[in-house]
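So you can see what is in the structure, the chains are spelled out below.
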Amino acid sequence: MKQLMASTVISAFALLSAQSLIAAEIEPINIPALQQEAKGVIKTLAGNLGSELKHAAKAGGLPAAIQVCNTKASPITQAVAEDKGWTVGRTSLKLRNEHNAPDDWEKTVLKKFEKQAAAGANLQKMLFSQVLVDGDGNKVFRLMKAIPVGDKCLACHGSKIKPEVAEKLNVLYPADNARGFNAGDLRGAFSLQKSL
Ligand code: HEC
């Protein structure tokens, strides 16, 4: 298992350095610094979302907390992003809100994460980044970081969801596909990008 993890890390780095080499011919790009910055944004965002959720659950119970996720998750995400010059989102292959649907690049990375997770890789450290260049030569740094399912997520994403919680979810998300998770599963990923 250890060997597998090491090889996935190496292949991610190999791809990364190949990408940064191409870009470096024009202007050096400090990939480790960008990764560090992105991780900082994710930490702030995860912290904000978590405390907002805790606060709402304490004040009005889980159904109220769902309302908070529904109305506040997106603005909270955007505020953090604008603050730091990043575009930030959360996405998944098993969606609750279809507005969080992955684009092609994100889908590919999520599938890669799923494979690594199935092989026993550590979700806490699962990360992938790449510098992409569009047809006009504009460079964008993109990064995804895996989101594991923790115990506190199960009330709304697990398989034994209380009737009053399920009722609220059914109303807001009739096509909800984000239930039935177990602790330790891959829930999805934070997805960030920044123009270079
Ligand atoms: C109180 C209920 C509740 C709890 C607890 C909760 N979530 Fe959610 N989650 C939601 C709702 C509601 C949405 C949809 C938000 C929206 O409309 O943007 C959501 C959306 C998400 C998304 C975005 C992708 C998608 O499917 O739309 C991710 C990722 C996610 N949750 C992960 C987690 C993780 C990880 C935890 C535990 C740390 C957690 N959630 C705990 C209710 C909850």
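Cut-off values and rules
Residues numbered from 1 in each chain as written. Predicted model: local features only at pLDDT ≥ 70, side-chain atom pairs only at ≥ 80, totals over all residues. Heavy atoms only, no water. Donors = N, O, S within 2.8 Å, 3.2 Å for Na, K, Ca; no water. Helix = DSSP H or I, 4+ residues; strand = E, 2+ residues; numbered from the N terminus. 1 Å grid on protein atoms, 1.4 Å probe; cavity = no way out; pocket = protein on both sides within 12 Å on 5 of 7 lines; lining within 4 Å. Points joined across faces, edges and corners; volume = space filled by probe spheres on them. Nonpolar A, V, L, I, M, F, W, Y, C, P; charged D, E, K, R; others polar. Buried < 20%, exposed > 50% of the residue type's maximum accessible area, 1.4 Å probe, protein only. Arc of directions from axis to C-beta. Near = heavy atom within 4 Å. Polar contact = N/O pair within 3.5 Å; in protein donor to acceptor, adjacent residues only side chain to side chain. Phe/Tyr/Trp six-rings, centres within 6.5 Å; stacked < 30°, edge-to-face > 60°. Salt bridge = Lys/Arg side-chain N within 4 Å of Asp/Glu carboxyl O.

- An unreviewed UniProt entry annotates the chain as DUF3365 domain-containing protein originating from Pontibacterium sinense.

Regarding the coordination of the iron atom of the ligand
Next up, step 1: Of all protein atoms, His157 (NE2) alone acts as a donor to the iron atom of the ligand, lying 2.2 Å away.
Next up, step 2: If you trace the backbone, His157 turns up in helix H4 (residues 154-157).

A look at empty space enclosed by the protein
Here the idea is plain: a probe the size of a water molecule rolls over the atoms and shows the empty space left.
Next up, step 1: Tallied over the full model, the rule gives one cavity of 30 Å³ or more.
Next up, step 2: Here the largest cavity defines a volume of roughly 50 Å³.
Next up, step 3: In terms of lining residues, the largest cavity is bounded by Ser92, Leu93, Lys94, Leu110, Glu114, Phe181, Leu186, Arg187 and Gly188.
Next up, step 4: Among the elements of the structure, helix H3 (104-118) and strand E4 (186-195) are those that each provide at least two residues to the lining of the largest cavity.
Next up, step 5: Its residues assigned to classes, the lining of the largest cavity comprises four nonpolar, two polar and three charged.

Some details on helix H5 (residues 163-172)
Next up, step 1: Turning to H5, its buried residues are Val165, Ala166 and Leu169. Looking down the long axis of H5, one finds its buried residues gathered within 95 degrees of arc, a one-sided arrangement. Those residues of H5 that are exposed and aimed more than 90 degrees away from the buried face are Pro163, Glu167 and Val171.

A few points about the site of the ligand
Next up, step 1: Residues in contact with the ligand amount to 20 residues; listed here are only the nearest, Arg96, Cys153, Cys156, His157 and Tyr173.
Next up, step 2: The separation between an oxygen atom of the ligand and a polar side-chain atom of Asn97 is 2.8 Å.
Next up, step 3: In the model, a nitrogen atom of the ligand is placed 2.9 Å from a nitrogen or oxygen of the His157 side chain.
Next up, step 4: Every element with two or more residues in the shell around the ligand is listed here: helix H2 (31-84), strand E3 (139-148) and H4.
Next up, step 5: Here the shell around the ligand takes six residues from H2, the largest share from any one element.
Next up, step 6: By residue class, the composition of the shell around the ligand is eleven nonpolar, four polar and five charged.

Things to note about the packing of aromatic side chains
Next up, step 1: For the coordinates displayed, the defined rule picks out two aromatic pairs.
Next up, step 2: Between the aromatic rings of Trp86 and Phe141, the centroid separation amounts to 6.0 Å while the plane-to-plane angle is 70 degrees, which identifies the pairing as edge-to-face. Here the residue Trp86 occupies a position in the loop between H2 and strand E1 (87-91), and Phe141 occupies one in strand E3, the gap between them amounting to 55 residues. The residues Trp86 and Phe141 share a single accessibility class, namely buried.
Next up, step 3: Between Trp105 and Phe128, the aromatic rings sit 6.2 Å apart at their centres with planes inclined by 40 degrees, giving tilted as the arrangement. You can see Trp105 sitting in helix H3 and its partner Phe128 sitting in strand E2 (residues 127-133), a full 23 residues away along the chain.
Next up, step 4: Classification of Phe128 by relative accessible area gives buried; the value is 4%.

Some words on the pattern of salt bridges
Next up, step 1: Overall, the coordinates contain five salt bridges when judged by the stated rule.
Next up, step 2: For the salt bridge of Arg96 with Asp176, the shortest nitrogen-to-oxygen distance reads 2.9 Å. With a gap of 80 residues between them, Arg96 in the loop between E1 and H3 and Asp176 in the loop between H5 and E4 connect regions that are remote in the sequence. We note that Arg96, like Asp176, is buried.
Next up, step 3: When the shortest N-O distance is used, the salt bridge between Asp176 and Arg179 registers 2.7 Å.
Next up, step 4: Given a relative accessible area of 29%, Arg179 falls into the partly exposed group.
Next up, step 5: Each of Arg96, Asp176 and Arg179 takes part in one network of salt bridges that share partners.

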